[in-house]
Amino acid sequence: MTATGAETIVRPTRARTAAADSAGVRRGQGFQHGGWFVAPFLALFALFVVWPLLRGLYLSFTDANISGDSASFIGLDNYREALQDPLMWDALGHSAYFTLLVVPCITVLAFLLAMLAHHIERGKWLWRLCFFLPFLLPSTVAANLWQWLFNPGTGMINHVFGLDTPWLTDKSYAMLAVVITTLWWTVGFSFLLYLAALQGIPAHLYEAAKLDGANAWHRTAHITLPMLRNITGLVVALQILASLQVFDQAVVMQDFGPGPENSTRTFVQYTLEQGFTSYRVGYASAISIIFFVLIAAVALARMWLLRNREEGGR
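As the structure is a prediction and not an experimental result, all values here were calculated from the model. (Residues numbered from 1 in each chain as written. Predicted model: local features only at pLDDT ≥ 70, side-chain atom pairs only at ≥ 80, totals over all residues. Heavy atoms only, no water.)

### Concerning the overall build of the protein chain
When helices and strands are tallied, the protein chain shows 13 helices and zero strands. Each helix and strand of the protein chain, placed in order from N terminus to C terminus, yields the pattern α-α-α-α-α-α-α-α-α-α-α-α-α. When burial is assessed residue by residue, the protein chain has 34% of its 314 residues classed as buried. A sequence separation of at least 24 residues applies to 67% of the contacts in the protein chain between residues at least 6 apart. (Helix = DSSP H or I, 4+ residues; strand = E, 2+ residues; numbered from the N terminus. Buried < 20%, exposed > 50% of the residue type's maximum accessible area, 1.4 Å probe, protein only. Contact = heavy atoms within 4.5 Å.)

Given below as structure tokens:
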């Protein structure tokens, strides 16, 4: 090879090397500059999420109490007690029962309200406001409002419908009252997600379906529902995670009690009772860690199902 040919090969190689080095420097500088924007969030996340989680994990292996006395390491005793605690399993069952009632109802109701608000022509903004407005209320306001509506003596529910139902004092109806309150209060968030997704469906799909003779039901079943599959998965996942952690409305509607025959005592409420009423911080930490593992398992299962569905559709 001649000297000119060798020089021709070496020059592009050196140029590519210099360009790569320059790109690497730029990436390093970008990471350094971007790190300053991320650092405040990471600091707050570590302070209010990571540290409490690690602290709670440590306390779950001790007999710590709220008085601040020195805690002794007791190993897995708290976890063994929790797994044999019938009150804990009852509270978990109440949370699961509440979730099974709320999630399907709120998903279907949010979809129907979104369809109504999307297709209605007159007063569209008013319908949207009415459906979403309850979600802006604080949980205590919503719970106190429905506590008054469900009052057996002076409440409007029994008066308007001519009932004599002890909504808040009978274990057969107490959790149902909490479910109804939750549906009215939180459906607005899922409604907004569905409404945004409906507005993103291309109009030409419906026009083509009409030309092919598809009626409204066929267009909904074969266009709307498939196009909303991802948002439905998101709504269901968010509602499951939120419903399992139900606390505010169940506690406030029962005047901070567990309800008739403990029928509305949820897992979060039982955890707080153990920590701040029985003063057993170590035991409360243990059952909260158990609950954290259950919530994480639900979230991971949802991610696994979603990934398999996406891979199956390819």
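### Some points on the confidence of the model for the protein chain
Across the protein chain, the average pLDDT comes to 87, with 88% of residues at or above 70. Overall, residues 6-10 carries pLDDT values under 50, and its contacts beyond four positions in sequence, including any with other chains, amount to two contacts. (pLDDT = per-residue confidence, 0-100.)

### A closer look at the pattern of salt bridges
Working definition: two side chains of opposite charge can pair if their charged atoms are close together. This model, assessed by the stated rule, comprises four salt bridges. A salt bridge links Glu261 to Lys171; the shortest N-O distance between them is 3.3 Å. Here Glu261, found in the loop between α11 (248-253) and α12 (267-277), pairs with Lys171, found in helix α7 (residues 171-199); they are 90 residues apart in sequence, far enough to count as distant. (Salt bridge = Lys/Arg side-chain N within 4 Å of Asp/Glu carboxyl O.)

### Considerations on the packing of helix α3 (residues 86-119) against helix α10 (residues 229-244)
Between α3 and α10, whose axes approach to 9 Å, the crossing angle comes to 150 degrees. Relative to α10, the element α3 lies roughly antiparallel. Considering only the axes of α3 and α10, their crossing is right-handed. Contact residues: Ser95, Ala96, Phe98, Thr99, Val102, Val103, Ile106 and Thr107 in α3; Thr232, Val235, Val236, Gln239, Ile240, Ser243 and Leu244 in α10. (Axes fitted to C-alpha atoms, helices over the stretch in contact; angles between N-to-C directions. Parallel < 35°, antiparallel > 145°, perpendicular 65-115°, else oblique. Left-handed = near helix turned anticlockwise from the far one by under 90°.)

### Some remarks on the nonpolar core
Core analysis: the biggest nonpolar cluster contains 38 residues, and Phe98, Phe150, Phe191, Tyr194, Leu228 and Met253 have the highest contact counts within it. Of all the secondary-structure elements, those providing two or more residues to this core are α3, α5 (139-149), α7, α8 (203-211), α10 and α11. Residue contributions to this core peak at ten residues, all from α7. In contact with Leu228, other than residues within four places in its own chain, are Phe111, Tyr194, Ala197, Leu198 and Ile201. Residues Phe267, Ala286, Phe291 and Ile295 belong to the second largest nonpolar core, which totals 15 residues. (Core = buried A, V, L, I, M, F, W, Y, C linked by side-chain atoms within 4.5 Å.)

### Details of the packing of aromatic side chains
Throughout the structure, instances matching the rule amount to 13 aromatic pairs. Put simply, the rings of Trp146, Phe150, Trp167, Tyr173 and Trp184 pair up and form one aromatic cluster. (Phe/Tyr/Trp six-rings, centres within 6.5 Å; stacked < 30°, edge-to-face > 60°.)

### Some thoughts on the environment of Gln199
When you line up the elements, Gln199 lands in helix α7. Here the alpha-carbon distance between Gln199 and His118, two residues 81 residues apart in the chain, equals 7.6 Å.

### A word on the side chain of Ser263
With respect to the helices, strands and loops of the structure, Ser263 is situated in the loop between α11 and α12. With a relative accessible area of 10%, Ser263 lands in the buried category. Within polar-contact distance, the side chain of Ser263 engages the backbone oxygen of Pro260 at 2.8 Å. With residues near it in sequence (within four places) discarded, Ser263 still touches His94, Lys171, Ala174, Met175 and Pro258. (Polar contact = N/O pair within 3.5 Å; in protein donor to acceptor, adjacent residues only side chain to side chain.)

### Concerning unusual backbone geometry
Both trends apply: most residues other than glycine have a negative phi, and most peptide bonds are in trans. A positive phi angle is found at Glu261, which is not glycine, with a value near 55 degrees. Judged by relative accessible area, Glu261 falls into the exposed class, the value being 62%.

### Remarks on the side chain of Thr186
With respect to the secondary-structure elements, Thr186 resides in helix α7. Setting aside its immediate chain neighbours within four residues, Thr186 contacts Ile106 and Phe135.

### Looking at the environment of Val268
Within the element layout of this structure, Val268 appears in helix α12. In the structure, Val268 is positioned 22 residues away from Val246 in sequence and 7.1 Å away in space, judged by C-alpha atoms. Dropping the residues within four chain positions of it, Val268 is found in contact with Gln245, Val246, Phe247 and Phe291.

### Quick word on the packing of α7 against α10
Contact geometry for α7 and α10: axes closest at 10 Å, N-to-C directions at 170 degrees. Relative to α10, α7 is oriented roughly antiparallel. Pair α7 / α10 crosses with right-handed handedness. For the pair α7 and α10, contact is made by Phe189, Ser190, Leu193, Tyr194 and Ala197 and by Ile231, Thr232, Val235, Leu238 and Gln239, respectively. In terms of residue class, the contact of α7 with α10 is built from seven nonpolar, three polar and no charged. (Nonpolar A, V, L, I, M, F, W, Y, C, P; charged D, E, K, R; others polar.)

### Points about α7
Residues three or four positions apart in an α-helix share a direction because the helix packs 3.6 residues into each turn. Spanning 29 residues, α7 covers 42 Å between terminal C-alpha atoms, matching the ideal 42 Å at 1.5 Å per step. For α7, the principal kink sits at Thr186 and spans about 45 degrees. Here α7 starts with a cap whose side-chain oxygen sits 2.8 Å from the backbone nitrogen of Ser172, and that cap is Asp170. (Expected span 1.5 Å × (residues − 1). Bend = angle between axes of the 7 residues up to and from the residue.)

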